[in-house]
Amino acid sequence: PDYTGLKVYLTFKNADSRLLDLSECQITGFDSSKVERDQVITIAYQEFTCQYTITVKKDIGLFNPVPVSITFKTLPDKLEYKVNDWLNRNGGMLICEYNDGLTREIPLLDKNMRVKGFDSSAPTDEQILTVEYKEMGVTVSTTYTIKVTE
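Now for a description of the structure that goes with this document.

Rules used throughout
Residues numbered from 1 in each chain as written. Predicted model: local features only at pLDDT ≥ 70, side-chain atom pairs only at ≥ 80, totals over all residues. Heavy atoms only, no water. Salt bridge = Lys/Arg side-chain N within 4 Å of Asp/Glu carboxyl O. Helix = DSSP H or I, 4+ residues; strand = E, 2+ residues; numbered from the N terminus. Buried < 20%, exposed > 50% of the residue type's maximum accessible area, 1.4 Å probe, protein only. Pairing = 2+ DSSP bridges. Axes fitted to C-alpha atoms, helices over the stretch in contact; angles between N-to-C directions.

1. Considering the pattern of salt bridges
- With the rule as written, the count across this model stands at five salt bridges.
- Taking the shortest distance from any N to any O, the salt bridge between K73 and E105 comes out at 2.5 Å. Separated by 32 residues along the polypeptide, K73 in strand β6 (residues 67-74) and E105 in strand β9 (residues 103-107) bring together distant segments of the chain.
- By relative accessible area, E105 is classed as partly exposed at 42%.
- Between K116 and E132 there is a salt bridge, with its nearest N and O atoms 3.2 Å apart. Of this pair, K116 sits in strand β10 (residues 113-116) while E132 sits in strand β11 (residues 124-135), and the two are 16 residues apart along the sequence.

2. Description of the sheet that holds β10
- Taken in spatial order, the four strands make up an open sheet running β7-β12-β11-β10, and their pairing is mixed. A strand with exactly one partner marks an edge of an open sheet, and here the two such strands are β7 (80-82) and β10. Going from strand to strand, the sheet's axes swing by 35° on average, the running direction of each strand aside.
- The pairing of β10 with β11 spans four bridges and is antiparallel.

3. Comments concerning the pairing of strand β2 (residues 17-20)
- As defined by bridge partners, strand β1 (residues 8-11) adjoins β2 across four bridges and the pair is classed as antiparallel. Within the sheet, the bridge partner assigned to Y9 lies in β2 and is L19.
- Here β1 hands over to β2 after five residues, with A15 in that stretch at a positive phi of 80°.

Structure representation (structure tokens):
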């Protein structure tokens, strides 16, 4: 494990403290290879133990995270259209994953979402629509299927 920057101090009842050498401590529960929130690490020194909850983020070398994928959490309410209907994106909710490992929900109605491939001019049992989401100059996409009837 990479403990770069970790400092452990032993604080006495009289408020004095001493910086411990990490080789004197037993550290468990820390895994820098796992990107996750709420990773609990335990630091033990002699008979003393303390626990901390930390978040491990992917080292991306960027200040702002960028999207790496989107997937549907909820498909749009309308998946079946009549000939010459307009596209209805209501109810669609997507989950966007970022390169720091975190995610957020984004509605299909978001101004940065584009739906491509919609054509209700003729009936079809299966029409694949592509949803593109653009943020920080990066575009990610996914698809869903609709039906067009007479």
